[in-house]
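Structure assessment
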There are 2 protein chains.
Amino acid sequence: MDFAEHAARSRGFDGFSYGDMAVAIGIRKASIHHHFPTKANLSEALIERYQTNLQHRLAEIEATHATAGARLKALIALYRAALDDGRTVCLCVAFSTSRESLSKVVIAKVSAVRAMILQWITATFELGQRDGSISAILDPAYEAPATLAMLEGAHLAARTEEDLVAFDVATRLLNARCQ
Amino acid sequence: MDFAEHAARSRGFDGFSYGDMAVAIGIRKASIHHHFPTKANLSEALIERYQTNLQHRLAEIEATHATAGARLKALIALYRAALDDGRTVCLCVAFSTSRESLSKVVIAKVSAVRAMILQWITATFELGQRDGSISAILDPAYEAPATLAMLEGAHLAARTEEDLVAFDVATRLLNARCQ
DNA sequence: GTCTATAGAGAGATAGAC
DNA sequence: GTCTATCTCTCTATAGAC
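Let me sum up the structure you'll find in this document. Numbers given to residues run from 1 along each chain, matching the order in which its sequence is written. Whichever chain is written first is A, and whichever ligand is written first is 1; the rest continue in order. In keeping with the predicted nature of the model, local features appear solely for residues at pLDDT of at least 70, side-chain atom pairs appear and are counted solely at 80 or more, and the whole-chain, interface and lining totals rest on all residues. Note that the side-chain values use all heavy atoms of the structure and ignore hydrogens as well as water.

1. With respect to the overall build of chain A
Defined as follows: Each helix is a run of H or I in the DSSP string that is no shorter than four residues. Each strand is a run of E no shorter than two, and both are numbered from the N terminus. When a residue's accessible area, from a 1.4 Å probe over protein chains only, is under 20% of the maximum for its type it is buried; when over 50% it is exposed; and in between it is partly exposed. All accessible-area figures derive from a Shrake-Rupley calculation using a 1.4 Å probe, and residue coverage is judged against the displayed protein chains alone.
The helix and strand inventory of chain A stands at nine helices and zero strands. Tracing chain A from N to C terminus, the helices and strands come up as α-α-α-α-α-α-α-α-α. Seen through its C-alpha atoms, chain A measures out along the principal axes to roughly 55 × 30 × 30 Å. Out of the 179 residues in chain A, the part that is buried amounts to 53%. Here chain A displays about 7700 Å² of accessible surface, and carbon together with sulfur accounts for 53% of that area.

2. Some points on the protein's contact with DNA strand D
What counts is decided by this rule: Only a single heavy atom is needed: when it lies within 4 Å of a molecule or strand, its residue is near that molecule or strand. Polar contacts here mean pairs of N or O atoms no more than 3.5 Å apart (in protein, one a potential hydrogen donor and the other a potential acceptor; neighbouring residues in sequence count only if both atoms are side-chain atoms).
As a matter of local geometry, DNA strand D sits amid 15 residues, with A:K29, A:K39, B:R28, B:S31 and B:H35 nearest to it. Atoms of DNA strand D within 4 Å of the protein belong to the sugar or the phosphate in 56% of instances, the rest to bases. A distance of 3.1 Å separates a base nitrogen of DNA strand D from a polar side-chain atom of A:H33. Interatomic distance of 2.8 Å between a backbone N/O atom of A:K39 and a phosphate oxygen of DNA strand D. Residue assignment for the surface near DNA strand D shows that the elements contributing at least two residues are α3 (29-35) of chain A together with α3 (29-35) of chain B.

3. Describing the layout of surface pockets
The test is simple: Here a cavity denotes a set of grid points, spaced 1 Å apart and computed over the protein atoms alone, in which a 1.4 Å probe fits but from which it cannot get out, and a pocket denotes an open set meeting protein on both sides within 12 Å along at least five of seven lines; residues with an atom within 4 Å of a point are reported as lining. Grid points are joined across faces, edges and corners, and a volume is the space filled by probe spheres set on the points. Residues are sorted three ways: Asp, Glu, Lys and Arg are charged, Ala, Val, Leu, Ile, Met, Phe, Trp, Tyr, Cys and Pro are nonpolar, and all the rest, Gly among them, are polar.
Taken as a whole, the largest pocket spans an internal volume of roughly 480 Å³. Contributing to the lining of the largest pocket are 19 residues, with A:A136, A:E143, A:R177, B:E143 and B:R177 lying nearest its centre. Broken down by secondary-structure element, the contributors of at least two residues to the lining of the largest pocket are α8 (140-161) and α9 (164-176) of chain A together with α8 (140-161) and α9 (164-176) of chain B. Considered class by class, the residues forming the lining of the largest pocket number 12 nonpolar, three polar and four charged.

4. Here we look at empty space enclosed by the protein
Taken as a whole and judged by the stated rule, the model has one cavity of 30 Å³ or more. One number sums up the size of the largest cavity: a volume of about 120 Å³. As for the largest cavity, its lining consists of 15 residues, and the residues nearest its centre are A:R11, A:G12, A:S98, B:R11 and B:S98.

5. Some details on the packing of aromatic side chains
Residues and elements named next belong to chain A. This is how it is decided: Here is the rule: rings of Phe, Tyr and Trp (six-membered ring for Trp) pair when centre to centre is within 6.5 Å. Planes less than 30 degrees apart are stacked, more than 60 are edge-to-face, and the remainder are tilted.
In this structure the tally under the stated criterion is four aromatic pairs over all chains. Here the aromatic rings of F13 and F16 are separated by 5.7 Å at their centres, their planes lie at 80 degrees, and the arrangement is edge-to-face. A single burial state applies to F13 and to F16, both of which are buried. A centroid spacing of 5.6 Å and a plane angle of 80 degrees characterise the contact between F13 and F95, whose relative ring orientation is edge-to-face. Remark: F95 occurs in helix α6 (residues 91-97) and F13 occurs in the loop between α1 (2-11) and α2 (18-25); sequence separation between them is 82 residues. Judged by relative accessible area, which is 2%, F13 ranks as buried. Grouped by ring-pair contacts, the aromatic residues F13, F16 and F95 constitute a single cluster.

6. Topic: the interface of chain B and chain A
We apply this condition: A contact between two residues is defined here by any heavy atoms of the two lying within 4.5 Å. Buried area is understood as the total, over both parts, of accessible area removed when two parts are fitted together, assessed with a 1.4 Å probe. Salt bridges, as used here, are contacts in which a Lys or Arg side-chain nitrogen is within 4 Å of a carboxyl oxygen on Asp or Glu.
At the interface, 32 residues of chain B touch 32 residues of chain A. For the pair chain B and chain A, the summed buried surface comes to about 3200 Å²; carbon and sulfur atoms form 62% of the total. Between chain B and chain A we count six salt bridges in total. In this structure, A:E100 and B:R159 form a salt bridge, with 2.7 Å as the shortest nitrogen-oxygen distance. Run the count over chain B and chain A and you get 14 residue pairs in polar contact (both at pLDDT 80 or more). Among the elements that take part in the side of chain B that touches chain A, α8(B) stands out by supplying 14 residues, more than any other. For the side of chain B that touches chain A, the residue count by class is 15 nonpolar, seven polar and 10 charged.

7. Quick word on the nonpolar core
Quick reminder of the rule: As used in this record, nonpolar core signifies buried Ala, Val, Leu, Ile, Met, Phe, Trp, Tyr and Cys residues forming a set joined through side-chain atoms within 4.5 Å.
Ranked by internal contacts, the top residues of the largest apolar core, which has 120 residues, are A:L75, A:F95, B:L75 and B:F95. Those residues within four positions of B:F95 in sequence are excluded, and the remaining contacts are B:A8, B:F13, B:S43, B:L46, B:I47, B:L102, B:V106 and B:V110.

8. A short note on the side chain of A:S133
Residues and elements named next belong to chain A. Position of S133 relative to the elements: it lies in the loop between α7 (104-131) and α8. For S133, a relative accessible area of 6% gives the class buried. Side chain to side chain, S133 and D131 meet in a polar contact 2.7 Å long. Apart from residues no more than four positions distant in its own chain, S133 is found in contact with T67, A68, G69, G128, R177, C178 and Q179.

9. Examining the protein's contact with DNA strand C
Of all residues adjacent to DNA strand C, which total 15 residues, the nearest are A:R28, A:S31, A:H35, B:S17 and B:K39. Close to the protein, within 4 Å, the atoms of DNA strand C are drawn from sugar and phosphate at a rate of 59%. Here B:H33 contributes a side-chain N or O atom positioned 3.1 Å from a base nitrogen of DNA strand C. Separating a phosphate oxygen of DNA strand C from a backbone N or O atom of B:K39 is a distance of 2.8 Å. Contributing elements (two or more residues each) for the surface near DNA strand C: α3 of chain A together with α3 of chain B.

Written as structure tokens, this is what we have:
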């Protein structure tokens, strides 16, 4: 699953095959089909594991950072780290483009993951209004989707240029708003 | 090429085949190979046409809108219209995810298109500083990559949810900054 | 759980007739 | 420019032995 996730995030869900996985892991294609009978099964397992991981990461940020500004900075760092030097984007972005070859269940899961992140960012901006650690907050309900869009767009920019600098310049102003 | 562009933007460059094109157009695969011998040729033709079109669109916006705020609003509308009700993203985004199956020439072209847009947005923010039609401008050099990231991220959001509303909420604050 | 072997579909691409 | 026909390759998936 580690390889599958990395491959999906690097080349899209259609961009890797059971054959690629078999070579990478060192077993045969048929053996992988034993664990994930169809690629649809694999896609479900991937997005579910991704959601669980992300939940833990977000909770971890809340536990280790008290102010909204510090939390938002940590979220930006989380997305930056997910880039793997510009070789991968986040699974939501990868699955968005592979939309046509994914089941409705998986599409709904991607949507749910997005909603979870949006809720977390919204709550962070609401906290920022109270603790004053994020500057120039207008409406948290609109700051959140704008922020997520910017993070995912910055991912794409870094992927296109295969350079983390593209991510950094795109998120610079957002970062500067956080104390 | 119209079909190929739409398909690439909807399903990724690997998400459609010469067979799909043949069915859509009503001729045979071999006939398409006559015009575009390899899929690499097709990808180059697509990105080149895209760049030319975009150049004209941006020039058109400049010609019909005097203030920076009006121009930025028009750019947001341009990206919104490119969504086709959430079924397609822009070609740069689509090609970013299909990165591994594209030639270096095409990757460089995508990069060039991005640079062109970035320059245009930067110039627009610089004008905004002078004419005061965009509020809360910090550094135009960083506003531009942040804006492009937000627009492309908003595209992804709308594509994921297959709903234009996702684009609208993500770009709402940016829109509100334009007079 | 892993293997060999293979089915069946579809991909990109080419040769050569018209 | 378009066609039929075909090549070669890779894909997902399955059957059945070990």
